[in-house]
Amino acid sequence: MTTRLDDLPLRDDLRGLVPYGAPQAALPVALNVNENTHPIPSEVADDILDGVARALRDVNRYPDREFTALREAFADYLGHGLSAAQIWAANGSNEVLQHVLQAFAGPGRTAFGFAPTYSMYPLLTRATGATWLAGTRESDFTVSAESAAAQVAETGPDVVFLCAPNNPTGTPMTLDVIEAVYDVAPGIVIVDEAYQEFAPRDERSALSLLPGRERLIVSRTMSKAFAFAGARVGYLAADPAVVDALRLVRLPYHLSALTQAAALGALAHAPTMLAMVDEIVSQRDRISATVSALGYEPHESWTNFVLFGGVPDPAATWQALYDRGVLIRDVGIPHALRVTAGTAEETTAFLDALASVGSRA
Ligand SMILES: *Cc1c(COP(=O)(O)O)cnc(C)c1O
């Protein structure tokens, strides 16, 4: 007889939960989890390998627990006058967000976000023992400063997640919304800028709001624009006191010496690593224009993906694309599907497959 979860002495608050599970199918065209599908340029890969090789010689010792060189490199990359004391990093921004919840939410507390938003927020919230509260957006997935502030004032959450721009919808969030939410929030406000590098160049980052706002956190990741999803590196900028709070909950030596070396190597080549961003943005805009011409309704996107509505039967269209070797994502939004902008060839394969499926799938 096989053991089921219910047979185990599992925490009561974990019973009935479902783990994160984006399909990892080996299809020729994988455009389902917003990865950067462009591989790392080989001259950068060589440099990263040299750094990792040097780190390997000292791997009998624990790594720099404070990852000082890496924090300095992130401060340099982000600009805005930030210093290393304001930077934190972990194994993917998912772990960064987990640290924030462990320090500022946890049992008996609440975390809040405007749904639909990143599916990991409720999972991380519940896994750390806190309660998830879902707010609402307009039908076009925007949220105004007035509505956002009113919802946060009414629920009074310990942690507010603002996904800017938002996953899975691509929707931009303007700084006035962030300021309005911060002014009424009793606790931490975390702006998740996982896709910031894909936003229009002249748009200001929430990093510009940090001075004087000690409860504001801005998180970033190397997984998307930096083509580093497999290396697992995320980071944040905040008041140095917030960083001190995160030191209370992290595991000692949580960032391995190899991870630190790889991330430093990639950051030293930031302009080359980010060279593909403009190309990806042009493929994203090509997806929006073409799906629109096919009769679907793309939502405005400042990210590396497009959510398009007007899909009569998303499960059937998803399957028809799958059968043609193209993996995209059904994020559970009625009559909509999400596709990541890939290389020009991958994007063409997706658009051709979608055209051959027809909107009446
Ligand atoms: C992809 C993504 C992340 C990044 O997660 P990592 O753990 O850094 O790979 C964070 N937030 C959002 C909204 C994302 O879409």
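Residues numbered from 1 in each chain as written. Predicted model: local features only at pLDDT ≥ 70, side-chain atom pairs only at ≥ 80, totals over all residues. Heavy atoms only, no water.

(A) Region of interest: a negative patch on the surface. Taken together, the side chains of E43, D46, D47 and D50 present a region of like negative charge at the surface. Along the chain, the position of E43 falls in helix α1 (residues 42-57). Given the relative accessible area of 48%, E43 is considered partly exposed. (Patch = residues over 30% accessible without salt bridge, like charges linked within 9 Å, V, L, I, M, F, W, Y side chains within 5 Å. Areas by Shrake-Rupley, 256 points an atom, 1.4 Å probe, with all protein chains shown as cover. Salt bridge = Lys/Arg side-chain N within 4 Å of Asp/Glu carboxyl O. Lys, Arg positive; Asp, Glu negative; His and termini not counted. Charge placed at Lys NZ, Arg CZ, Asp CG, Glu CD. Helix = DSSP H or I, 4+ residues; strand = E, 2+ residues; numbered from the N terminus. Buried < 20%, exposed > 50% of the residue type's maximum accessible area, 1.4 Å probe, protein only.)

(B) Expanded view of the site of the ligand. In the neighbourhood of the ligand, 13 residues make up the surrounding shell, with S93, Y195, T221, S223 and K224 lying closest. Contact between the ligand and Y195: an oxygen atom at 2.6 Å from a side-chain N or O atom of the residue. K224 has a polar side-chain atom sitting 3.2 Å from an oxygen atom of the ligand. When grouped by side-chain class, the residues that make up the shell around the ligand number four nonpolar, six polar and three charged. (Near = heavy atom within 4 Å. Polar contact = N/O pair within 3.5 Å; in protein donor to acceptor, adjacent residues only side chain to side chain. Nonpolar A, V, L, I, M, F, W, Y, C, P; charged D, E, K, R; others polar.)

(C) Structural context of the domain arrangement of the protein chain. Each assigned domain of the protein chain is listed here: domain 1 (5-40 + 271-357) and domain 2 (42-269). Between the C-alpha centres of domain 1 and domain 2 there is a distance of 23 Å. In this assembly, 33 residues from domain 1 lie in contact with 39 residues from domain 2. Counting the surface lost from both domain 1 and domain 2, the interface buries some 2,900 Å², and carbon and sulfur atoms represent 67% of this. The largest contributions to the domain 1 side of the interface with domain 2 come from I40, M273 and W302, which together make up 28% of the buried area. On the surface where domain 1 and domain 2 come into contact, there are one salt bridge. (Domains from an automatic or database assignment. Contact = heavy atoms within 4.5 Å. Buried area = accessible area lost by both parts, 1.4 Å probe.)

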